[in-house]
Structure formats: structure tokens, C-alpha cells
Amino acid sequence: VNEYDNRYHELRSLAVIEHAFGDYIPLKIASFNTWDGTIHRKLKDFDEKVFNNSSYNFLVECGCEGANDDAFSIAVATQELLARTETNKLLFVLSDGLPCSNEDKLTEEVKKARAMGIKLVPIYFGSEYNIDRYKELYIKDYIIAEPKDIGIELERVLTSFCFS
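Everything numeric in this text was worked out from a predicted model, so none of it was measured.

Our focus in this paragraph is the pattern of salt bridges. Scanning the entire structure with this criterion turns up 10 salt bridges. With a closest N to O distance of 2.9 Å, Glu86 and Arg84 form a salt bridge. Residues Glu103 and Arg133 are paired through a salt bridge, measuring 2.5 Å at the closest nitrogen-oxygen approach. Of the two residues, Glu103 is situated in helix α4 (residues 103-115) and Arg133 in helix α5 (residues 131-138); the sequence distance between them amounts to 30 residues. Taking the relative accessible area as the measure of exposure, Arg133 reaches 30% and is therefore partly exposed.

So this is what it looks like as C-alpha cells:
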């Protein structure tokens, strides 16, 4: 994964989220791909303390690759968040392309998570060609920005979430 690869920007953004809020709110970080069956890697559990930064460690050690089944990932994350006792729940979904899963199922899982009180924020690093379709699938609250501007967008969303 290099700086010209969208996955680099995904993990870099995730590292920023982890660094900024990891000491203040319970934070779980997982990676999903469906390159050869669905693979779910837990990078950091909610209350786990990680040396350095789990997102950065993942970027350096293994990176990420493969297709993304966002419907499955969101369903798993929704169940994990609902099992938590915190009142406010926030789910970021970082992706460098359109999901390989059934698009109707994805929109269903997005709506279900939001109906259960989870603030779901998809972050897209893919090509401009797919932006309109991405917006249709996720409906609202998405972040679509140049990688250099992602910090500004994350700050806006996280500030709103934490102080609302």
C-alpha cells in the first residue's frame, strides 16, 4: 500500500480517528475483505490498548486488499454496537470502491443500522465515476473528499457526534 493507493488514505484516516479519540471513547477497528471468502480482522477491540496505533500498525504490517462486502460488514458492526451499553453509537465505513455485495442488501443494512440509532458515516476514497452510485447506496451522512481534506471532514463529523 503506497500513498497513491486509496487504501493508504483509508488507513491513514482511520489512524487519525484512532489517535484523536481512542483515549476518550471505546473504539473498535476491524478490516473486512472478501477476496477469498469473507475475512474479518480485528485490529483493535473496544477497550483494548494498543502500542502505537492499530491502524498504523496494520498499514505497515499487512495493509488491506480485496473486495468489500459492505452489507456484511455493516451487519456485523451493527450487532457489535448494539451489544454495547453506550447511548451514542458511531460507525464509520471506509471504502475505496463500490461494494461487491448485493446493493439492495447494503441499503437495507444501512437503513437498519440507522433505525437502531447508530450514526453511520460512510467515507469514500474511490473514483469520481462511482460517486453518484455511492451516494444512492448510503443515502446520507457520507464523506467524499480528497484525501488531503479528509481530516477537516472527520473533525466536523466527530465534533458534531461528540457534542450533540
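Another aspect to go through is α5. Taken as a whole, α5 has its buried residues at Ile131, Tyr134, Leu137 and Tyr138. Down the axis of α5, the buried side of the element spans an arc of 125°, and every buried residue falls inside it. Taken together, the buried residues of α5 touch α3 (70-82), β3 (89-95), α4, β4 (118-124) and β5 (143-144). Positive phi appears at Ile139, one or two residues downstream of α5, with a value of about 70°.

Once that is clear, we can look at the pairing of β4. For β4, the buried fraction is high: six of the seven residues fall into the buried class. Pairing of β3 with β4 involves seven bridges; the strand directions are parallel. Within β4, the residue paired with Lys89 across the bridge is Ile118. This β-α-β element, β3 to α4 to β4, shows right-handed connectivity. Two strands pair when backbone bridges link them, and β4 and β5 are joined in this way by two bridges, in the parallel orientation. When the sheet's bridge partners are listed, Tyr124 is paired in β5 with Ile144.

This paragraph deals with the packing of aromatic side chains. Taken as a whole and judged by the stated rule, the model has two aromatic pairs. Where Tyr134 meets Tyr138, the ring centres are 4.7 Å apart and the plane angle is 40°; that geometry is what we call tilted. Here Tyr134 and its partner Tyr138 are both found in helix α5, four residues apart, which amounts to about one turn of the helix. Judged by relative accessible area, which is 0%, Tyr134 ranks as buried. Its relative accessible area of 0% is what places Tyr138 among the buried residues. A connected cluster of aromatic rings, assembled from ring pairs, spans Tyr124, Tyr134 and Tyr138. Above the plane of the ring of Phe46 lies Arg84, whose end atom (NZ or CZ) is 4.2 Å from the centre.

Across the sheet, which stays open at both edges, the three strands sit in the order β3-β4-β5 with parallel pairing between neighbours. In the strand order of this sheet, the two ends are held by β3 and β5, each with one partner. Across the face of the sheet, α3 comes into contact with β3 and β4 while running at roughly 160° to β3.

Turning to the nonpolar core, a few remarks are in order. Of all hydrophobic cores here, the largest spans 20 residues; its most connected members are Phe92, Val121, Ile123, Ile143, Ile150 and Leu154. For this core, the leading source of residues is helix α6 (residues 150-162), giving five residues. Core analysis: the second largest hydrophobic core is formed by 17 residues, Tyr124, Tyr134, Leu137 and Tyr138 among them.

The rules behind the values
Residues numbered from 1 in each chain as written. Predicted model: local features only at pLDDT ≥ 70, side-chain atom pairs only at ≥ 80, totals over all residues. Heavy atoms only, no water. Salt bridge = Lys/Arg side-chain N within 4 Å of Asp/Glu carboxyl O. Helix = DSSP H or I, 4+ residues; strand = E, 2+ residues; numbered from the N terminus. Buried < 20%, exposed > 50% of the residue type's maximum accessible area, 1.4 Å probe, protein only. Arc of directions from axis to C-beta. Contact = heavy atoms within 4.5 Å. Pairing = 2+ DSSP bridges. Right-handed = clockwise from strand over helix to strand, strands pointing away. Phe/Tyr/Trp six-rings, centres within 6.5 Å; stacked < 30°, edge-to-face > 60°. Lys NZ or Arg CZ within 6 Å of the ring centre and 35° of its normal. Axes fitted to C-alpha atoms, helices over the stretch in contact; angles between N-to-C directions. Core = buried A, V, L, I, M, F, W, Y, C linked by side-chain atoms within 4.5 Å.

Read these as layout, nothing more, since geometry by itself doesn't imply function.
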